[in-house]
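This is what each chain is made of:
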Amino acid sequence: MTTIEKKDWHHKRGSCCTPFRTCCLSWWCPCIVYGRTHHRIKNNDDMKGYSCCNLACAGFCGLVCLGISFVMPMMNRGDMREKYHLKGNRCTDCLCACCCTPCDVTQQDKESAYREEQNKPLLAQPGKKSMMDYAPQQ
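The model shown is predicted, which means the values in this text are computed figures rather than measured ones.

(A) Broad picture of the overall build of the protein chain. Across its full length, the protein chain holds six helices and zero strands. Listing every helix and strand of the protein chain by position from the N terminus yields α-α-α-α-α-α. For the protein chain, with 138 residues in total, the buried portion stands at 35%. The long-range fraction of contacts in the protein chain, counting pairs at least 24 apart against all pairs at least 6 apart in sequence, stands at 70%. Of the roughly 9400 Å² of accessible surface on the protein chain, 60% is carried by carbon and sulfur atoms.

(B) Focus on the environment of Lys87. Assignment of secondary structure puts Lys87 in the loop between α4 (71-84) and α5 (90-99). When the C-alpha positions of Lys87 and Asp8 are compared, they lie 5.7 Å apart, and in sequence the two are 79 residues distant. Apart from residues lying up to four places away in sequence, Lys87 is in contact with Lys6, Lys7, Asp8, Trp9 and Arg81.

(C) Region of the structure containing the nonpolar core. By size, the foremost hydrophobic cluster in this structure holds nine residues: Cys31, Val33, Tyr34, Ala56, Cys57, Phe60, Leu63, Met72 and Val105. Elements that contribute at least two residues to this core include exactly α2 (30-42) and α3 (55-66). The greatest single-element share of this core, amounting to four residues, is contributed by α3. When near neighbours in sequence (up to four residues on either side) are disregarded, Ala56 contacts Tyr34, Gly35, His38 and Met72. Ranked by size, the runner-up nonpolar core spans five residues in total, among them Trp9, Ile41, Met80 and Leu86.

(D) Representation of the packing of aromatic side chains within the structure. This structure, assessed with the given rule, holds one aromatic pair. When the ring centre of Trp9 is taken as reference, the NZ or CZ atom of Arg77 above it lies at 4.2 Å.

(E) View of helix α1 (residues 20-28). Every buried residue of α1 is accounted for by Thr22, Cys23, Cys24 and Ser26. Summarising the contacts, the buried residues of α1 are in contact with α2 and α6 (101-119).

About the cut-offs
Residues numbered from 1 in each chain as written. Predicted model: local features only at pLDDT ≥ 70, side-chain atom pairs only at ≥ 80, totals over all residues. Heavy atoms only, no water. Helix = DSSP H or I, 4+ residues; strand = E, 2+ residues; numbered from the N terminus. Buried < 20%, exposed > 50% of the residue type's maximum accessible area, 1.4 Å probe, protein only. Contact = heavy atoms within 4.5 Å. Areas by Shrake-Rupley, 256 points an atom, 1.4 Å probe, with all protein chains shown as cover. Core = buried A, V, L, I, M, F, W, Y, C linked by side-chain atoms within 4.5 Å. Phe/Tyr/Trp six-rings, centres within 6.5 Å; stacked < 30°, edge-to-face > 60°. Lys NZ or Arg CZ within 6 Å of the ring centre and 35° of its normal.

The structure is reproduced here in structure tokens:
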């Protein structure tokens, strides 16, 4: 059985104020940021068909009404840890989601965007300059 080494989170919890737009959205409408992150993770960064008013966002809003809005970000954080092989456990997932949901949602959004970008295959030759194209031979 192969053990996969757990990676550190690229974006730390303390960097939740950048980018400013995501930070503000996480404080005033965290359901939108949560829904975007959830969609990105489940669809491998394929944002086709994404709408800011989606089922994940609606579920988040429903839990806000019940006073337990931390539940969905906590579960999403666990899914992220599993998918990207990140360090942490259920206890830290719960603490992060409970103590500051907007900061947690911001961190998850940035981390998922970063990890999905890292998982994309290279489509072009790295470091190739446009002026270095070879002339077609006749």
